[in-house]
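Take a look at the letters that make up each chain.
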Amino acid sequence: MEAAAEFPNKEAFRQAVVNTLERRLFYIPSFKIYRGVAGLYDYGPPGCAVKSNVLAFWRQHFVLEENMLEVDCPCVTPEVVLKASGHVDKFTDLMVKDEKTGTCYRADHLLKDFCKDKLEKDTNLAAEKIAELKHILAVLDNLSPEELGAKIKEYGITAPDTKNPLSAPYPFNLMFQTSIGPSGLSPGYMRPETAQGIFVNFKDLYYYNGNKLPFAAAQIGQAFRNEVSNPSLTTIWLFAFQDGHVWLLVSVEVVVFLLLLISIFEVTFTLSRKKEYGLNMKEKLQISPRQGLLRVREFTLAEIEHFVDPDDKSHPKFSEVAKLEFLMFPREDQVSGKSARRIAIGEAVSQGIVNNATLGFFIGRVYLFLTHLGIDKERLRFRQHLANEMAHYAADCWDAEIECSYGWIECVGIADRSAYDLRAHTKLVIAPVKKELGLAFKGNQKMVVEALEAMEEKEAMEMKATLESKGETEFRVCTLGKDVIIKKNMVTISKETKKEHQRVFTPSVIEPSFGIGRIIYCLYEHSFYTRASKDGDEQLNVFRFPPLVAPIKCTVFPLVQNQKYEEVAKHIAKSLTAAGISCKIDITGTSIGKRYARTDELGVPLAITVDSASSVTIRERDSKQQIRVSIEEVASVVKEVTDGLSTWGDVLWKYPTHSS
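Residues numbered from 1 in each chain as written. Predicted model: local features only at pLDDT ≥ 70, side-chain atom pairs only at ≥ 80, totals over all residues. Heavy atoms only, no water.

A. Fine view of the overall build of the chain. A tally of helices and strands in the chain yields 22 helices and 33 strands. Per-residue burial for the chain yields a buried fraction of 48% across its 660 residues. In the chain, the proportion of contacts linking residues at least 24 apart, taken out of those at least 6 apart, comes to 68%. Roughly 31,900 Å² of accessible area belongs to the chain as shown, and the carbon and sulfur atoms make up 54% of that amount. (Helix = DSSP H or I, 4+ residues; strand = E, 2+ residues; numbered from the N terminus. Buried < 20%, exposed > 50% of the residue type's maximum accessible area, 1.4 Å probe, protein only. Contact = heavy atoms within 4.5 Å. Areas by Shrake-Rupley, 256 points an atom, 1.4 Å probe, with all protein chains shown as cover.)

B. Structural detail: the nonpolar core. Counting 79 residues, the largest nonpolar core has Trp58, Phe369, Leu370, Phe382, Phe514, Tyr521 and Tyr524 as its most contacted members. The residues contacting Phe369, other than those within four sequence positions of it, are Val54, Phe57, Trp58, His61, Phe62, Phe514 and Ile519. If you look at the next biggest cluster of nonpolar residues, it comprises 24 residues, including Ala569, Ile572, Val616 and Trp648. (Core = buried A, V, L, I, M, F, W, Y, C linked by side-chain atoms within 4.5 Å.)

C. Looking closely at the environment of Ser469. Note that Ser469 resides in helix 17 (residues 457-470). Along the sequence, Ser469 and Lys488 sit 19 residues apart, while their C-alpha atoms lie 9.7 Å from each other. Within the structure, the side chain of Ser469 is placed 3.1 Å from the backbone oxygen of Thr466, a separation counted as a polar contact. (Polar contact = N/O pair within 3.5 Å; in protein donor to acceptor, adjacent residues only side chain to side chain.)

D. Looking closely at helix 20 (residues 592-601). Along helix 20, the residues classified as buried are Arg595, Tyr596, Thr599, Asp600 and Glu601. Where helix 20 ends, the next residue or the one after it, Gly603, has phi of about 80°, a positive value.

E. The pairing of strand 19 (residues 396-404), seen in detail. Along strand 19, 8 of the 9 residues are buried, which leaves the element largely enclosed by surrounding structure. The pairing of strand 18 (residues 380-384) with strand 19 spans 5 bridges and is classified as antiparallel. Along strand 19, the bridge assignment pairs Arg383 with Asp399. Bridging between strand 19 and strand 20 (residues 407-416) involves 9 bridges; their strand directions are antiparallel. If you follow Glu403 over to strand 20, its bridge partner there is Trp408. (Pairing = 2+ DSSP bridges.)

F. Quick peek at the packing of aromatic side chains. Evaluation of the coordinates by the stated rule reveals 28 aromatic pairs. An angle of 50° between the planes, with centres 5.7 Å apart, marks the rings of Trp58 and Phe62 as tilted. Placement of the pair is Trp58 and Phe62 together in helix 2 (residues 45-64), with a separation of 4 residues, close to one helical turn. Of the two residues, Trp58 and Phe62, neither departs from the other in class, the shared state being buried. Pairing Phe199 with Phe307 gives two aromatic rings, centres 6.2 Å apart and planes at 80°, and the pair type is edge-to-face. (Phe/Tyr/Trp six-rings, centres within 6.5 Å; stacked < 30°, edge-to-face > 60°.)

G. Quick look at the packing of helix 2 against helix 18 (residues 516-527). Here helix 2 crosses helix 18 at 115°, and the two axes come no closer than 11 Å. If you check the angle between helix 2 and helix 18, you find them roughly perpendicular. Crossing angle aside, the handedness with which helix 2 passes helix 18 is right-handed. Of the residues in helix 18, those in contact with Gly47, Val50, Lys51, Val54 and Leu55 of helix 2 are Ile516, Ile520 and Tyr524. Here the contact of helix 2 with helix 18 is composed, by residue class, of 6 nonpolar, 1 polar and 1 charged. (Axes fitted to C-alpha atoms, helices over the stretch in contact; angles between N-to-C directions. Parallel < 35°, antiparallel > 145°, perpendicular 65-115°, else oblique. Left-handed = near helix turned anticlockwise from the far one by under 90°. Nonpolar A, V, L, I, M, F, W, Y, C, P; charged D, E, K, R; others polar.)

H. A look at a nonpolar patch on the surface. A cluster of nonpolar side chains, contributed by Phe31, Ile33, Tyr34 and Val37, occupies part of the molecular surface with about 520 Å² of accessible area. Residue Tyr34 is classed as exposed on the basis of its relative accessible area, which comes to 68%. (Patch = residues over 30% accessible without salt bridge, like charges linked within 9 Å, V, L, I, M, F, W, Y side chains within 5 Å. Salt bridge = Lys/Arg side-chain N within 4 Å of Asp/Glu carboxyl O.)

I. Up close: the sheet that holds strand 33 (residues 657-658). Taken in spatial order, the 6 strands of this open sheet run 29-28-30-31-32-33, and their pairing is mixed. Whereas interior strands pair on both sides, the edge strands pair on one side only; in this sheet they are strand 29 (583-585) and strand 33. Inspection of the sheet shows strand 28 (residues 554-558) paired to strand 29 by 3 bridges, in the parallel sense. Residue pairing across strands places Val556 opposite Ile585, the latter belonging to strand 29.

J. Layout of the side chain of Lys553. Within the secondary structure, Lys553 sits in the loop between strand 27 (539-543) and strand 28. Within the buried set, Lys553 has no salt-bridge partner at all; the shortest N-O distance to an opposite charge, 7.3 Å, is to Asp643. In terms of polar contacts, Lys553 uses its side chain to reach the backbone carbonyl oxygen of Pro547, at 2.5 Å. From its side chain, Lys553 meets the backbone oxygen of Leu548 in a polar contact 3.3 Å long. (Lys, Arg positive; Asp, Glu negative; His and termini not counted.)

K. Broad picture of the sheet that holds strand 15 (residues 298-308). In space, the 9 strands of this open sheet follow the order 3-10-15-25-20-19-18-16-17, with mixed pairing throughout. A single partner strand is all that each edge strand has here, and the edge strands are strand 3 (69-70) and strand 17 (341-344). In the packing of helix 2 onto the sheet, contacts are made with strand 3, strand 10 (215-224), strand 15 and strand 25 (508-515), and the angle to strand 10 comes to roughly 160°. On the sheet, helix 13 (residues 357-373) packs against strand 15, strand 16 (325-329), strand 18, strand 19, strand 20 and strand 25 and is oriented at approximately 145° with respect to strand 20.

L. Structural view of the confidence of the model for the chain. Averaged over all residues, the pLDDT of the chain is 85; the fraction at 70 or higher stands at 86%. Predicted confidence is poor over residues 497-503, with pLDDT under 50, and the contacts of this stretch with residues over four places away or in other chains come to 11 contacts. (pLDDT = per-residue confidence, 0-100.)

M. Expanded view of the packing of helix 1 (residues 10-23) against helix 18. Contact pair helix 1 / helix 18: the axes reach a minimum separation of 10 Å and the direction vectors enclose 110°. Judged by the angle between their axes, helix 1 and helix 18 are roughly perpendicular. For the pair helix 1 and helix 18, the crossing hand works out as right-handed. Across the interface between the two elements, Phe13, Arg14, Val17, Val18 and Leu21 of helix 1 pack against Tyr521, Tyr524 and Glu525 of helix 18. When its residues are assigned to classes, the contact of helix 1 with helix 18 shows 6 nonpolar, no polar and 2 charged.

See below:
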């Protein structure tokens, strides 16, 4: 049942997963009748159900169990808010441009692809070169624009499509800009995260919570980022013929065209498996943008902002997760070339690997959330951000990364954002004079600016006093690893009087941020496997979703087309619906084996077969075992299993087994 072992390589496995997801309408490219737009997808009925179940469990696991305050804020955000938060100036990716065509690419992605390709395909690499490429992959997010550009030039990396030379890396802001109102005088952006809506409402939430800390606010909503992706979906129409084989008739010109495209894109063949369609069936070859649901321009975020006293980051429930042990990848291990290792989260906090107990508590809770959804614990790790990779305001940051066919994918970020976000919307104003800092620090200007802007209020006011009395002061820049001299003309520090923020201290913020689409895609891969049909002549697809997230909990089949059985099936379906169990009734004349295969491919955990007027069989998806249950009991048995009150093993010994 290990899915990856059933396929020759990761790409073949991924293609099987994606083909099944699109054919069964879990998701499809948006606007595909108009050739689509890369990075935009529609969720179909089963995909919507899986997403709804994941979000429902997220609310249960976090919002309800931790007594969080849930809010829902607008997607359109005024520019002034995102200017204060730093997004207008700093929410960027480093891009390079094809110098002849103007096509843009993510600089870090090109370097990563080059290193991975070399390591996988070049068997003559020297040991020193292998170590060098692995080191680059480990510290890729830590490279400055200058270092990134130097590596691209050193390795002779060119534009993937044209092999033209590339420009030097430059920052590209990822936010979608808009205007609010018909005059166009009020600029705004589609929010790149949901967090700022919580931060600007802090005062009211604090009051709602009885003016007490700590407390947490949560929000689920859409976010928008103008991610770089491959060109739009392209469709080429071919003809398929069914005569024991599928034949594709294309011209020589089309073959040449396809070979060119295949070198750039991943190719998805969407060919129907239904033999009854017969001859001359029109089919399509889709050229899909890479990484599908993992890199999209509109996506669902679920974010938590836990506000805590900066001098007391303990957590009363930390002991509940302290003994959890899982793969962790501290920054020191990454830089030294070591692998992730199993560490108990309590040990990680006590040793100072994780900054504080509240951050550790949320790392443990995220681990439980993901593994309960069905993420394989052996393919889940928590990786600490490197020094330069970490946001300039963060005290510590970890990513929950899930391994799939694309490699290790960041799906949840858990950051101690210190007091940056609240302070950005409050009274302290730190204004670095970039011209003077540029003259003094040249290439290191950006790191000095970020360090100044990230100062706590106490440190900033002490600097202000020293500058006024002495004209200069020493200042520690952690990302440079040394002290620098800051002069009075290099920074302005002042206070703005804002009545609502008259507090003794500004709370720190611990933020777990969940990319729901990425989690769901990784869940699809971790749940997918194939098994032989009863006759052994076909491989059948199965999604082994836990009942918690399965799009449909149960299907109901009359064994044969019979009015009496159909009435019983409808009665059972009605009782399941009344019990809050999603179900699907299938009264088609297709064989029972084919109906089982269809529901296994949707990940439905249980199937009820009506073969008498007094009792039915219940079949479990993965084991294919069946039990016989009276019609009066069937709804309660199914609810017991799908609600997680009992396992299939628990009910198996309570009821007589049935052999098909």
